[in-house]
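# What the coordinates show
Each chain, written out:
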Amino acid sequence: MERSGLRYVAGILALAVAAIHVYWGFPRLVLYLQAGRAPDPRPFLFVGSAVLIFLGIARVLDGRNERAIYLAGIALMGTYIIGYGLWHTGLEHGGFWPWGPEPISHSEPAWQVLLDHMRADELGVVSKILEATLAAVLALLYRVASDETTAGDDIPAIIRE
């Protein structure tokens, strides 16, 4: 697949990931704002990161420093994936959050806890699949962009312009 095709795939995946995070986070964010308390930080983070995804797409379409945006996207997808695992295991479902409910800890091994959560969370499964796929596509795009940058290094600057 050509670079432009990969960019379209990345754009569609990024829109899907952002849409899932807005779908899950925005209603809760509105509820928290109406109630005046936030028992869970994820709605703020999900909606904010979705806005960053939209801005990243706009920057790529404007031709702005694509490689940095690809790296930021890879980092964000990794944060989503690792964050999901940490939230349900080490962070005890937000037990660290001062306004949250009591910590929920599990006695099973972390992999079993994650498997159980994934079985019960279809949207989470779709989200993790899309995030991992997007991270892989962004890594390919980063590599292609890096190859194009270094391919022109042996050409004098006057000719490249």
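Here the structure is shown first, and the text comes after it.
Residues numbered from 1 in each chain as written. Predicted model: local features only at pLDDT ≥ 70, side-chain atom pairs only at ≥ 80, totals over all residues. Heavy atoms only, no water.

## Some points on helix H3 (residues 66-88)
With 23 residues, H3 extends 33 Å between its outermost C-alpha atoms, agreeing within 8% with the 33 Å of an ideal straight helix rising 1.5 Å per residue. Along H3, the positions that sit buried rather than exposed are Glu66, Ile69, Tyr70, Gly73, Leu76, Met77, Tyr80, Tyr84, Gly85, Trp87 and His88. (Helix = DSSP H or I, 4+ residues; strand = E, 2+ residues; numbered from the N terminus. Expected span 1.5 Å × (residues − 1). Buried < 20%, exposed > 50% of the residue type's maximum accessible area, 1.4 Å probe, protein only.)

## Examining the packing of aromatic side chains
This model, assessed by the stated rule, comprises 2 aromatic pairs. Relative to Tyr80, the ring of Phe46 has its centre 6.4 Å away and its plane inclined at 90°; by these criteria the two rings are edge-to-face. Linking Phe46 in helix H2 (residues 42-61) with Tyr80 in helix H3, this pair joins segments that are 34 residues apart in sequence. Neither Phe46 nor Tyr80 differs from the other in exposure class; each is buried. Among the aromatic residues, ring-to-ring pairing joins Trp24, Phe46 and Tyr80 into one connected group. It is Arg28 that lies over the ring of Trp24; its NZ or CZ is 4.0 Å from the centre. (Phe/Tyr/Trp six-rings, centres within 6.5 Å; stacked < 30°, edge-to-face > 60°. Lys NZ or Arg CZ within 6 Å of the ring centre and 35° of its normal.)

## Points about the side chain of Asp40
Within the secondary structure, Asp40 is located in the loop between helix H1 (3-35) and H2. The exposure class of Asp40 is buried, given its relative accessible area of 8%. A polar contact of 2.6 Å, which involves the side chain of Asp40, links it to the side chain of Arg42. (Polar contact = N/O pair within 3.5 Å; in protein donor to acceptor, adjacent residues only side chain to side chain.)

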